[in-house]
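Residues per chain are reported as follows:
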Amino acid sequence: MKKIFIFAAMAATALTACNKEEISAPDESRDNLVYREFNAVIEDGVSTRVAFGDPADGKIPVSFQNGDEIAITDGTNVYKGTVSVPEDGGNTIIATDVPETFTLSAAYYPYEAYTLKTDDEGNPIEPQEYELKVPGRQYAGKIPVLLQSTNIDGDNITFSAAEAGSAVIHYRLTGDILLTEVRLHTTNDASLINNNPQYTITYSSQYGSSPVQLSDEPFDVYFVVSAEQTKSLTLEAKTAKPESALGTTSYSYYKRKITSVELKSGAFIDMPAIELNEEELLGGNNIWEFGAAHGGDCGWTLNTIEKGGSIDGTTNAEYAVVTMGNNGDETNYNFRADLIYDKGFTQNFGTYRYVAMMTDYKYVVQEGNIAVPEGASISKGNIKFDVGSLGQWHNKSNNQRTAELETDIKNVRVWYWDMLGDFTNSGWVNTLDYHVFDKGVKFQFKIADLKVSNVPKGETVAAPQYKVYWIGFFNNVTEIEGMIAKTEAAVDGE
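I will try to describe carefully the structure that is included in this document.

Rules used in this analysis
- Every chain begins its residue count from 1, and numbering advances along the sequence as written.
- Only residues with pLDDT of 70 or above have their local features reported here, since the model is predicted, and side-chain atom pairs are shown and tallied only from 80 upward, although totals for entire chains, interfaces and linings are computed over all residues.
- Remark: hydrogens and water are excluded; side-chain values derive from all non-hydrogen atoms of the structure.
- By nonpolar core is meant a set of buried Ala, Val, Leu, Ile, Met, Phe, Trp, Tyr and Cys residues that side-chain atoms within 4.5 Å join together.
- Working definition: with a 1.4 Å probe on protein chains only, accessible area under 20% of the residue-type maximum means buried, over 50% means exposed, and in between means partly exposed.
- In this description a helix means any DSSP run of H or I spanning at least four residues, a strand means any run of E spanning at least two, and both kinds are numbered starting from the N terminus.
- Think of it this way: a Phe, Tyr or Trp ring, Trp meaning its six-membered ring, pairs with another when their centres are within 6.5 Å, and the plane angle makes it stacked under 30 degrees, edge-to-face over 60, tilted otherwise.
- To sit over a ring, a charge needs its Lys NZ or Arg CZ within 6 Å of the ring centre and within 35 degrees of the ring normal.
- Should a side-chain nitrogen of Lys or Arg be within 4 Å of a carboxyl oxygen of Asp or Glu, the pair is scored as a salt bridge.
- Strands pair, by our definition, only if DSSP identifies at least two bridges between them.

**Remarks on the nonpolar core**
The biggest cluster of nonpolar side chains holds 115 residues, and the ones touching the most others in it are Tyr 171 and Phe 223. Element by element, the count of residues in this core is highest for strand β17 (residues 219-226), at six residues. Listed in part, the 17 residues of the second largest apolar core include Ala 356, Ile 409, Ile 480 and Ile 484.

Written out as structure tokens, the structure is:
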């Protein structure tokens, strides 16, 4: 049976909103506030202006709930009013403390959505002005429909749908995970997902609700979003970490709709149903641990264009040693050792967002820490992540965008790349299904262009070597740090 929720106006606990009593313009009368009550009425027929679920079911009307918070203003200062709904069906009351001389000019719902206008850096503009905006923090079971006063008659306030444009995004979730939070990322480009989601609904006791156990019975999630230009939408579903996870307390599963959605004011966007079953979500992951204690070279090879390059995964227990090949001559060396996996594999990028490598190749290749004869010069190399079927990660800005983590092993660091970022060929990777890399498709790290020039005649340059401990896919950065700790412990125990 389908779950049906009746959504009243959102109860507003202003967790992220500014404290308007503190930031609004100075007013000496604030020291002498008096209690006032206003009667609140929502205009007949007013609803969310969108249809929920099946449009044939009609629109769900808006109503206030006990505890809802309203922004009350005289045009200069803003005060918080609290809604009280009598059980006997009498008038809905907004109670507040205001100056004796207070004259109501406008009221807005919800309170935390009526915020100071800011500049591009998030600083309040001067002179202070307010605007009604869709709140980023939203709440389970309730929808932050924006309302504003349309008529004020003494102490009587009539509310109607606000002029600020908004749309509603609907997701229908099934599965078996315990859902603790959902986040919505809206971007102009499907190849990008912001790590700071625009809209968040948390299911936990601190927000007055409990985690949701998904099942075969659909669970409906609604986001109110600002009506803007065409956007790409990504749902992030958070849950507790699986037993197999390292060093993390939660997991995020991403489901990205690649085709863009036009967020018109009053629009209702019904997204495709999403199934979140843990067994399937956790499948399709790969971690290659190198060295004699694990899988040797794990099937990874070097690009055949290098002369004399090799990979040795048997001499050392916890890492393989890559010897770089020379594509130059005896006077001008050009070292390269692209690390490649072309055996074919399947990967779930909606779960395992980051690919990471523990290695010292930055110390060797990018920082040029190799021995060269006196008089010779070094041109430091570069490292690029490049997948045959997807293209180069972030094109020419690959190195600048790559993030790294320190380790306790000398000169060894972890580099990681966000697979939900941009690739030159396709722009994105699939998050709805498993991504299949066919056999022969090169999943590769180009480690090249370490050049030694003007080598004196009779002198030679030993081929540089770098170490690779592991390459793998991870749900979050904390999990990568857990893998680092595991490797550090293994190395200490050698």
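From this point, things continue past the structure.
**Description of the packing of aromatic side chains**
One pass over the full model with this rule turns up 34 aromatic pairs. Centre to centre, the rings of Phe 349 and Phe 473 are 5.7 Å apart; their planes meet at 65 degrees, and the pair counts as edge-to-face. Of this pair, Phe 349 sits in the loop between β29 (345-347) and β30 (354-359) while Phe 473 is found in strand β39 (residues 465-474), placing the two residues 124 residues apart along the sequence. Plain terms: the ring middles of Trp 417 and Phe 445 are 5.1 Å apart, the flat faces sit at 50 degrees to each other, and that makes the pair tilted. Here Trp 417, found in strand β35 (residues 413-418), pairs with Phe 445, found in strand β37 (residues 443-448); they are 28 residues apart in sequence, far enough to count as distant. Taken individually, Trp 417 and Phe 445 each receive the classification buried, so the pair is uniform in this respect. Sitting over the ring of Tyr 341, Lys 343 keeps its end group 5.6 Å from the ring centre. In this arrangement the basic side chain of Arg 353 is found over the ring face of Tyr 254, its NZ or CZ atom lying 4.9 Å from the centre.

**Details of the pattern of salt bridges**
By the definition in use, this model includes 13 salt bridges. Of the charged contacts, one joins Asp 418 and Arg 353 as a salt bridge, the two residues approaching to 2.8 Å between their closest N and O atoms. Residue Asp 418 is found in strand β35, and its partner Arg 353 is found in the loop between β29 and β30; the two are separated by 65 residues along the sequence. Arg 353 matches Asp 418 in its accessibility class, with the two residues each being buried. Taking the shortest distance from any N to any O, the salt bridge between Lys 446 and Asp 386 comes out at 2.9 Å. Placement of the pair is Lys 446 in strand β37 and Asp 386 in strand β32 (residues 382-387), with a sequence separation of 60 residues. With a relative accessible area of 10%, Asp 386 lands in the buried category. One salt-bridge network, in which partners are shared between bridges, spans Lys 362, Glu 367, Glu 404 and Arg 413.

**Description of the pairing of β37**
Summarising burial for β37: five of the six residues are buried, a large majority. Relative to β37, strand β28 (residues 339-341) runs antiparallel, the two sharing three bridges. Residue pairing for β37: Ile 340 is matched across the bridge by Gln 444. Where β32 lies against β37, six bridges are found, and the strand directions are antiparallel. Residue pairing for β37: Asp 386 is matched across the bridge by Gln 444.

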